[in-house]
Amino acid sequence: MRRRPDEIAKMRKAGRVVAEMLATTSAAVRPGVRTAQLDRVAREVIERRGATSNFLNYHGYPAVICTSPNNVIVHGIPGDYILAEGDIVSIDCGAVIEGYHGDAAVTVPVGDIPPLTEKLLRVTEESLSAGIGQLVEGNRLHDVGYAVQTVAEGAGFSVVRGYTGHAIGTRMHEEPSVPNYWPGKPGPALRTGMVFAVEPMVNLGGPETIQMEDGWTVVTADGSLSAHFEHTIAITDNGPEVLTLP
Ligand code: MF3
Ligand code: CO
């Protein structure tokens, strides 16, 4: 779907709120903090900016962010888990302004982390940048996933298959989905005005996933660490515009 400039302007506003949620929650990350505290910090930003949450009550989801430590890939529910030195934690934030959605995530270190864990974070963020760089008219959607996969697997890591990015606009999850790998057949042509949430999930070990009994939390099957970075990006005449920036 192609969005008009006035629609993209609203998504830019939502994206700024999401960026502020990511900044304030990331700044609150330190050893000893409960993930529930990060959700409270994010709720304050949503309220202060007059936004609404697209995560809260989504299929019954109970929080405004997802917090996914260590071997949790995505959709961890904020709660009593206490962050410890050496952990990593993915923080996934979303907000709605005037009916338009933003969605973004970062994975941050808790205190000092080992060099290989640092590499996992750096490579995952680089794979997102590589994917974003493909969001230009004339390319096709599979160019995004192919670029993500090339960076992540080139560094010796694996890319999750069971979960993908997505188009986004007046709903958080719109068609088509955005795989982080070569999908086996060519994707749709990219046009100016299309908006996508690109969100590589990269594992230190294998790509297999397990869904926990809470119905949300997704973990690596082999218990290895997983990182997740996400931005909402519009395709413009001047190339990709990341909407989820301050
Ligand atoms: N931000 C997630 C995504 O990119 C959605 C979170 S699921 C929710 O798809 F239930 F928390 F909303
Ligand atoms: Co998303």
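One structure accompanies this document, and this report is about it. None of the values given here were measured: they were computed from a predicted structure. (Residues numbered from 1 in each chain as written. Chains lettered and ligands numbered in written order. Predicted model: local features only at pLDDT ≥ 70, side-chain atom pairs only at ≥ 80, totals over all residues. Heavy atoms only, no water.)

Now for unusual backbone geometry. Note that the residue after Glu 175, namely Pro 176, is joined by a cis bond; omega there is 0°. Locating Pro 176 in the fold gives a position in strand β7 (residues 174–178). One non-glycine residue, His 59, lies in the positive phi region at around 50°. Tracing the backbone shows His 59 in the loop between α2 (35–48) and β1 (65–69). Residues other than glycine seldom take positive phi values, yet His 75 does so here, at roughly 65°. Summarising the element assignment, His 75 is placed in the loop between β2 (72–74) and β3 (88–97). (Helix = DSSP H or I, 4+ residues; strand = E, 2+ residues; numbered from the N terminus.)

Attention now moves to the packing of aromatic side chains. Scanning all chains against the criterion turns up 1 aromatic pair. Aromatic side chains Tyr 61 and Trp 216 sit 4.8 Å apart centroid to centroid with 80° between the ring planes, which places their arrangement in the edge-to-face category. Placement of the pair is Tyr 61 in the loop between α2 and β1 and Trp 216 in the loop between β10 (209–211) and β11 (218–220), with a sequence separation of 155 residues. Considered together, Tyr 61 and Trp 216 belong to a single accessibility category, that of buried residues. Over the ring of Tyr 181 we find Arg 161, and its NZ or CZ is 4.7 Å from the ring centre. (Phe/Tyr/Trp six-rings, centres within 6.5 Å; stacked < 30°, edge-to-face > 60°. Buried < 20%, exposed > 50% of the residue type's maximum accessible area, 1.4 Å probe, protein only. Lys NZ or Arg CZ within 6 Å of the ring centre and 35° of its normal.)

A few words now on the pairing of strand β14 (residues 239–242). With 4 bridges joining them, strand β13 (residues 231–236) and β14 adopt antiparallel strand pairing. From the neighbouring strand, Ala 234 faces β14, where its bridge partner is Glu 241. The antiparallel pairing of β13 with β14 creates a hairpin that spans 2 residues between the two strands. (Pairing = 2+ DSSP bridges.)

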